[in-house]
Amino acid sequence: MNERIFHLSGNESLEVLKEFLEHCTADSILFLFPRKSWIFHQNTDLKKLRDFAEKKKKELTIVTNNALARITLQAVGIAVLATLEDREKTPFEKSRENFSSKKISTIPIETLRKALNKKTTPYISREKAPIFTLSRPVLHALLLLGILLMGFFFFLLKIAIPVAVVKIAPFKKEEEMHINVHMLSKSVFQESDLWRENNGIFTYPIEKVFVLSKTFSGVSKEFLGENAHGKMKITNTLPEEFTFRNNTRIQNQDGVVFLIQDWITIPPAKNGESSEIEIEVVASEKDKYEKIQGEKGNMPKGQHFFFPGLKEEYQEKIFAENITPLEGGKTEWIYKITKSDIEKAKEQLIKEAKESEKTELLYEIEQLYPERKDEMEMLPLTGKQFLSEIVEIKFEKPEEDLIGEERTEFSGEIRVRVQNYIYSKNDLISLIEEKFKRSAPEGMDLLLVNRRVLVPEVLSLENNNTLLKVSFSTRGIYQYIIEPKSKKGLEFSQKVKKEIVGVRKDEAEKNLINNFEEVSDVQIDLWPTWVKTLPTLSEKIQFEILEE
């Protein structure tokens, strides 16, 4: 009987295996499969392969060193070998006869699947299972190795691995700063004239002449109409007399004003009875709101009036009522420019020019120093150094020609010359920082100077206004030096480490805040996260600045 051995990759399909069986001329065929062949997990394909081999009258044997696969193959009814050598120890024909004559013990497929899915130790033949025996010295060595490994793990967990990052916000304090500065005119002095020990910086004189024009529509009205007139009864309920001069104002709630024509005296009230007198009144040209009254003064009798010049509590005790209709009022006027209109126009021009001085000077700075406009600062528009001069105020006509003209508006303009001094805010801040860094409190450094709060006061002008002495007030912030890279910061970090190594995180944070004046706030991060205490090695503690 001839035989043929096929060495397979384990990826062949069932059809390929059938072709091997069909076209092979040998009577005995051995398929040599690797351990992880796919067909070992396909019971249906294995049965089909078995049936096909029997149909073709081929003696099929599968060789594999996969013990579980051999169990599966035996359950299906396919002859198996662990190795090709087993074939030499037992001839194939004899093996086949024994296989055919003996009743094969099969394993139910469901039981086999459960055995394959269960995570158990792979089956090893008793004939090939090695038996190990350990001597006492070897056991001792393994025990010692285990103890050393546990100690090494403990060392890594408690000492070598843990890392602490201590983030500290340094304590800050704000202080007022005052400095007297010598400001030298750049047009006169040179760089060599600056003396730092006397706080010198350059100043730049600036001058601008500007013109402001305006049209005025608030022309006075000349009244051409007639004022209303009539009789009123004055009532006094107080036990004292009151005297009013002529042209005393009497007014109602709508602001309509009438004038007393003569001096009057109102007798006091007696025996609980009020006193009364009758008088002639004429409406004023303008009401309470400085508007022409005219026809507004016409009203029926019985209207209530009061004296606006009296105290409020008296206005209800002394009052008036018209006993005749108030009539004769006629509204008529024309617009006519008066001297008062001219004076008001001048006042308005001066006021608006004053409000424009700073804007005009700032615009001039932008034109002269376009690249440095953001750093150039101007001294205040008050004081000895500031000059504001009205060069000219004029109107479209000479004033004497304007007065009396009947028109509703007129125009005018004002020409103003302003002069001031500007300086570089950067130069001033550098000067302040240089001075106050030298006088910083022990262990602290100047953090910043408040650029927004720089209050100047001009003390004097000297040398034909080319040297100014100016006092500046501002506020600066100092903070403790704890940066680890600096010398003082390194000393601080070493002092802190001595206090917190091996200490619980919460206790360390409390200790730093309560016992170190340099600390404003603190945050400690530990790694691994389950660690609750800081490392016992100071090298494992790192410092960072906590930004507030």
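J.: How should the packing of aromatic side chains be read in this particular structure?
T.: Each aromatic ring pair is characterised by the separation of its centres together with the angle its planes make. Overall, the coordinates contain 14 aromatic pairs when judged by the stated rule. These aromatic residues form a ring-pair network of at least three members: Phe6, Phe20, Phe31, Phe33 and Phe40. The residue whose ring lies beneath Lys186 is Phe202, and the NZ or CZ to ring-centre distance is 4.1 Å.

J.: What exactly am I supposed to notice about helix 12 (residues 505-515) here?
T.: Count 3.6 residues to each turn of an α-helix, and residues three or four apart come out pointing the same way. Inspection of helix 12 places Ala508, Asn511 and Leu512 among the buried residues, and these make up the whole buried set. Taken end-on, helix 12 shows its buried residues confined to a sector of 95 degrees, consistent with a single buried face. The outward face of helix 12, more than 90 degrees from its buried face, is lined by the exposed residues Lys510 and Asn514. Those residues of helix 12 hidden inside the fold are in contact with strand 5 (163-170), helix 11 (487-500) and strand 24 (519-527).

J.: Would you explain the sheet that holds strand 1 (residues 3-7) in this entry?
T.: The strands that make up a sheet pair up through hydrogen bonds in the backbone, lying either parallel or antiparallel. Spatial strand order, 1-2-3-4: 4 strands in an open sheet with parallel pairing. Each having just a single partner strand, strand 1 and strand 4 (79-81) make up the two edges of the open sheet. Neighbour-to-neighbour, the strand axes of this sheet turn through a mean angle of 25 degrees, independent of strand direction. Alignment of strand 2 (residues 28-32) against strand 3 (residues 59-63), held across 5 bridges, turns out to be parallel. Of the residues in strand 3, the one forming a bridge with Ser28 is Glu59.

J.: Can you walk me through the pattern of salt bridges in this structure?
T.: Side chains carrying opposite charge are able to pair once their charged atoms draw close together. The final tally for this structure, using the stated rule, is 27 salt bridges. A salt bridge links Glu375 to Arg372; the nearest nitrogen and oxygen atoms lie 3.3 Å apart. Here Glu375 falls in the buried class, since its relative accessible area comes to 19%. For the salt bridge of Glu396 with Arg407, the shortest nitrogen-to-oxygen distance reads 2.7 Å. Taken together, the positions of Glu396 in the loop between strand 19 (387-395) and helix 9 (399-402) and Arg407 in the loop between helix 9 and strand 20 (410-424) put the pair 11 residues apart, joining distant regions of the chain. The class for Glu396 is partly exposed, based on a relative accessible area of 41%. The structure contains a network of salt bridges with shared partners spanning Lys339, Glu343, Lys346 and Glu399.

J.: Please clarify how the packing of helix 2 (residues 43-55) against helix 3 (residues 67-76) should be interpreted in this entry.
T.: When two helices pack together, their arrangement is given by the angle between the helix axes and by the axis-to-axis distance. Two elements in contact, helix 2 and helix 3, have axes separated by 10 Å at closest approach and are oriented at 55 degrees. It follows that helix 2 is oblique to helix 3 by the angle criterion. Classified by chirality, the crossing of helix 3 by helix 2 is right-handed. Along its contact with helix 2, which presents Asn43, Leu46, Lys47 and Arg50, the element helix 3 presents Thr72, Leu73 and Val76. Of the residues contributing to the contact of helix 2 with helix 3, the split by class is 3 nonpolar, 2 polar and 2 charged.

J.: Explanation requested: helix 3 in the structure shown.
T.: Here helix 3 has its buried residues at Ala67, Ala69, Arg70, Thr72, Leu73 and Val76. Two or three places before Leu68, at the opening of helix 3, Asn66 has a side-chain oxygen 3.2 Å from that residue's backbone nitrogen. After helix 3 finishes, the residue Gly77 shows a positive phi value of roughly 105 degrees.

J.: Help me understand unusual backbone geometry, please; the structure alone is not making it clear to me.
T.: In this model, Trp527 is joined to Pro528 through a cis peptide bond whose omega is 0 degrees. Summarising the element assignment, Pro528 is placed in the loop between strand 24 and strand 25 (541-545). The backbone phi angle of Lys57 is positive, close to 60 degrees, even though this residue is not glycine. You can see Lys57 is positioned in the loop between helix 2 and strand 3.

J.: Just to check I follow, could you spell out the layout of surface pockets for this structure?
T.: Over the atoms, a rolled probe matching the size of one water molecule traces out where space is still vacant. Estimated volume of the second largest pocket: approximately 220 Å³. Lining the second largest pocket, in full, are Ser217, Gly218, Val219, Ser220, Lys221, Lys286, Glu290, Lys291, Ile292, Tyr335, Asp341 and Lys344. Across the lining of the second largest pocket, the residue classes break down as 3 nonpolar, 3 polar and 6 charged.

J.: How do you make sense of the packing of helix 1 (residues 14-23) against helix 2 when you look at a structure like this?
T.: Contact pair helix 1 / helix 2: the axes reach a minimum separation of 10 Å and the direction vectors enclose 15 degrees. In terms of their interaxial angle, helix 1 and helix 2 are classed as roughly parallel. Helix-helix and strand crossings are classified by hand; for helix 1 and helix 2 the assignment is right-handed. Between helix 1, through Leu14, Leu17, Lys18, Leu21 and Glu22, and helix 2, the contact on the second element is made entirely by Asp45, Lys48, Leu49, Phe52 and Ala53. Among the residues making up the contact of helix 1 with helix 2, the classes are represented as 6 nonpolar, no polar and 4 charged.

J.: I keep staring at the nonpolar core and nothing clicks. Help me out?
T.: Generally speaking, nonpolar side chains in soluble globular proteins are found buried as a group. By size, the foremost hydrophobic cluster in this structure holds 42 residues, and its most contacted members are Val166, Met183, Leu379 and Phe472. If we ignore the near neighbours within four places in the chain, the residues touching Phe472 are Met177, His178, Ile179, Val181, Met183, Leu379, Tyr423, Leu428, Val455 and Pro456. In terms of nonpolar packing, the next biggest core, distinct from the first, is built from 27 residues, Leu361, Ile365, Leu402 and Leu467 among them.

J.: Is there a simple way to explain a nonpolar patch on the surface in this structure?
T.: Where nonpolar side chains cluster on the molecular surface, the patch consists of Val138, Leu139, Leu142, Leu145 and Leu149 and spans about 440 Å² of accessible area. Secondary-structure assignment places Leu142 in helix 7 (residues 136-160).

What counts as what
Residues numbered from 1 in each chain as written. Predicted model: local features only at pLDDT ≥ 70, side-chain atom pairs only at ≥ 80, totals over all residues. Heavy atoms only, no water. Phe/Tyr/Trp six-rings, centres within 6.5 Å; stacked < 30°, edge-to-face > 60°. Lys NZ or Arg CZ within 6 Å of the ring centre and 35° of its normal. Buried < 20%, exposed > 50% of the residue type's maximum accessible area, 1.4 Å probe, protein only. Helix = DSSP H or I, 4+ residues; strand = E, 2+ residues; numbered from the N terminus. Arc of directions from axis to C-beta. Contact = heavy atoms within 4.5 Å. Pairing = 2+ DSSP bridges. Axes fitted to C-alpha atoms, helices over the stretch in contact; angles between N-to-C directions. Salt bridge = Lys/Arg side-chain N within 4 Å of Asp/Glu carboxyl O. Parallel < 35°, antiparallel > 145°, perpendicular 65-115°, else oblique. Left-handed = near helix turned anticlockwise from the far one by under 90°. Nonpolar A, V, L, I, M, F, W, Y, C, P; charged D, E, K, R; others polar. Polar contact = N/O pair within 3.5 Å; in protein donor to acceptor, adjacent residues only side chain to side chain. 1 Å grid on protein atoms, 1.4 Å probe; cavity = no way out; pocket = protein on both sides within 12 Å on 5 of 7 lines; lining within 4 Å. Points joined across faces, edges and corners; volume = space filled by probe spheres on them. Core = buried A, V, L, I, M, F, W, Y, C linked by side-chain atoms within 4.5 Å. Patch = residues over 30% accessible without salt bridge, like charges linked within 9 Å, V, L, I, M, F, W, Y side chains within 5 Å. Areas by Shrake-Rupley, 256 points an atom, 1.4 Å probe, with all protein chains shown as cover.

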